Amino acid sequence: MIHPSVVLGANVTIGENVVIEENVIIGDSVSIGHHVVIKKDTKIGNFVQVGELTVLGKPTSSNKKMARKPGKALDSLVIDDHVIIGCNSVLYRGAKLNSGVFVGDLASIREKVVIGEDSIIGRNAIVETNTQIGNRVTIQTGCYITADMVIEDEVFIGPCCSSSNDKYMGMGIYKHQGPVIKKGAKIGNNATLLPAITIGENAIVGAGSVVTKDVPPDKTVVGNPGRILK
Amino acid sequence: MIHPSVVLGANVTIGENVVIEENVIIGDSVSIGHHVVIKKDTKIGNFVQVGELTVLGKPTSSNKKMARKPGKALDSLVIDDHVIIGCNSVLYRGAKLNSGVFVGDLASIREKVVIGEDSIIGRNAIVETNTQIGNRVTIQTGCYITADMVIEDEVFIGPCCSSSNDKYMGMGIYKHQGPVIKKGAKIGNNATLLPAITIGENAIVGAGSVVTKDVPPDKTVVGNPGRILK
Amino acid sequence: MIHPSVVLGANVTIGENVVIEENVIIGDSVSIGHHVVIKKDTKIGNFVQVGELTVLGKPTSSNKKMARKPGKALDSLVIDDHVIIGCNSVLYRGAKLNSGVFVGDLASIREKVVIGEDSIIGRNAIVETNTQIGNRVTIQTGCYITADMVIEDEVFIGPCCSSSNDKYMGMGIYKHQGPVIKKGAKIGNNATLLPAITIGENAIVGAGSVVTKDVPPDKTVVGNPGRILK
């Protein structure tokens, strides 16, 4: 069902059983897979591809134990030109994908996330709310990108890396801060990043390392806990 | 398609292309997203929300290599009042979600799992069969909760933690036992828990630790292998 | 919608809202869940079961930053007899699943992957392109199996293991090589495998280990970095 308020560009291909809710705007030459759900107010640019069984523009939800309640009304989900989105993925209202972004299958991207041009979010990867991702960043398959993180341009994050933003592990409401990863840094697969650390420009984190403190620019860290290689 | 045997409460909202099989019971003020599949015999309470593209009440399946065959007939999937379930998730027949539970997107919950009141199962998290989870537990995004585990009240498990229940790694049919996590313990992100260990009350496991033995109550363990901090 | 060119065997059960595109061939006694999408040219044998909301035969996609572009035309997705596939999974065009394979929910399997008889791919597991998996292999839930890997017969990989194939982490186009895991080796949960290492026959990798070099046959490795136990 396509709501009568939906604005569709030229040469749009829509699969079977697609649901498009009210006030959605879709540009030219967009392709939407079968069984996709596009929630209200979503804005999609030109030449965008959306895989099967994906949800775009999901609103926030929470139960009474969750610290972070939905605040004021979120902006729409905005998807710029030439973005490619996989199958069975869930993108929330209030995220912004800039042009050329690639999102794999089974991924999810939360509210107030911004993803820069041509960046890659791998399959099964998760990006939590309020994280800012630069241009030409690679976040590989299965990564967990916590909330309140900053990832600068050209960063590479290998598969299955994990990060956190809550050093007191759920003990109350206070300031959360995820890691900051500066321009060009590279993180090996299955590395663990603790809250609020900074990984310097062009630094390297070895696969499987547990990074508990800041890493200076151009340095390499390995091990558990992570130590700087001389 | 809604099977004619389905019992629907008052003020139920049902999305498009929803399939509800025989003998399903749905309470009042329930909201079901588009393209949801509710398998037979599932029981849903009042004020429940189910996201798009989710499967409720999946029966067990296995191939000939799998040790654990479906046994006697499983109970229904039971979802109590005020439960919230995300999009693209898979909940099995024989699980029980108590009131106020939150299940994120892309999660899966297996047979004979019980989840206590107001507990949170994060996005992409997996809970294997026969695991018991207490009240007000937080299991964050991407966690792997193995089978035959016990997680007591108010435990906090950070993102991407992994656990196992099979110390001989697939070598035969013998007793499997997952970790036991006692009340109020906290596990940092991407920690690894070995089979049959006990993590004591209010103990803390550091991010990225590999826990190979029991952790006494109120102690903190870090490193690989995990060592108790003095 | 079932395309008129589709060939259906005897006793095929098809759920609601299933989409089957052109030139698909389906054998006898196959069961297809609700809201499944079967893309063009997919070949399915006899006695196959496909769970709800799964995509079969997805073609490759990429953005301009991705190193590996779709090459010449891929073969069809081929699924042999007695294969069981879960819900919300994504299987790509050009993969081959031999008879008796089990694929869990929320899994994804890429192009040019071959999976041997009776092997298990757990829920949420990911197998990247061009990886060869032997017979009676167990890949447990949440594993990340990188591209260009070789996994021989009867290997056991515990939950949440991670592997990589790119030692320069995205710095250019050169030869990628994933790990080689020889017959009967066992890998503990959440282990990290670096590119191009070989794990010998019947070797054991402890849970949470970070394997940075070859492991000889019959040896056990633990720790970060992994060391051989005497």
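This structure is a prediction, so every number in the text was calculated from the model and none was measured.

Trainee: Would you explain the relation of the copies chain A and chain C in this entry?
Mentor: Both copies of the chain are related by one operation, a rotation about an axis with a shift along it. Note on the copies: chain A fits chain C at an RMSD of 0.0 Å, the axial shift is 0.0 Å, and the rotation between them is 120 degrees. Each copy turns onto its partner about a three-fold axis.

Trainee: Sorry if this is basic, but what is going on with the side chain of E111 of chain B here?
Mentor: Looking at where E111 of chain B falls in the secondary structure, it is placed in the loop between β15 (108-109) and β16 (114-115). Setting aside residues up to four positions removed in sequence, E111 of chain B forms contacts with T60, L74, Y92, R93, G94, A95, T129 and N130 of chain B.

Trainee: Just checking my understanding: could you explain the interface of chain A and chain B for this structure?
Mentor: Every contact between the two is made by 45 residues of chain A and, on the other side, 38 residues of chain B. Between chain A and chain B the total buried area reaches about 3,100 Å² when both faces are included, carbon and sulfur atoms providing 57% of it. Of all residues in chain A, N63, K65 and M169 of chain A give up the largest surface area on contact with chain B, accounting jointly for 22% of the area buried on that side. Residue K39 of chain A pairs with E52 of chain B through a salt bridge whose shortest N-O separation is 2.9 Å. Applying the counting rule to chain A against chain B returns 19 residue pairs in polar contact (both at pLDDT 80 or more). Residues of the side of chain A that touches chain B, tallied by class, amount to 20 nonpolar, 17 polar and 8 charged.

Trainee: Just checking my understanding: could you explain the relation of the copies chain A and chain B for this structure?
Mentor: Between the two copies, chain A and chain B, the superposition gives an RMSD of 0.0 Å; the rotation angle is 120 degrees and the shift along the axis is 0.0 Å. An asymmetric contact is evident, with only 18% of the interface residues of chain A recurring at the interface of chain B.

Trainee: Looking at this model, I keep getting lost on empty space enclosed by the protein. Mind explaining?
Mentor: Where empty space is left becomes clear once a probe the size of a water molecule has been rolled over the atoms. Tallied over the full model, the rule gives 4 cavities of 30 Å³ or more. Here the largest cavity is characterised by a volume of approximately 340 Å³. If you trace the largest cavity, you find 22 residues lining it, with N124 and G142 of chain A, G142 of chain B together with N124 and G142 of chain C closest to the centre. Its residues assigned to classes, the lining of the largest cavity comprises 12 nonpolar, 10 polar and no charged. Every residue lining the second largest cavity is counted, 15 residues in all, and those nearest its centre are N190 and G208 of chain A, N190 and G208 of chain B together with G208 of chain C. When the residues that make up the lining of the second largest cavity are grouped by side-chain class, the tally is 3 nonpolar, 12 polar and no charged.

Definitions and limits used
- Residues numbered from 1 in each chain as written.
- Chains lettered and ligands numbered in written order.
- Predicted model: local features only at pLDDT ≥ 70, side-chain atom pairs only at ≥ 80, totals over all residues.
- Heavy atoms only, no water.
- Least-squares fit on C-alpha atoms with pLDDT ≥ 70 in both.
- Helix = DSSP H or I, 4+ residues; strand = E, 2+ residues; numbered from the N terminus.
- Contact = heavy atoms within 4.5 Å.
- Buried area = accessible area lost by both parts, 1.4 Å probe.
- Salt bridge = Lys/Arg side-chain N within 4 Å of Asp/Glu carboxyl O.
- Polar contact = N/O pair within 3.5 Å; in protein donor to acceptor, adjacent residues only side chain to side chain.
- Nonpolar A, V, L, I, M, F, W, Y, C, P; charged D, E, K, R; others polar.
- 1 Å grid on protein atoms, 1.4 Å probe; cavity = no way out; pocket = protein on both sides within 12 Å on 5 of 7 lines; lining within 4 Å.
- Points joined across faces, edges and corners; volume = space filled by probe spheres on them.

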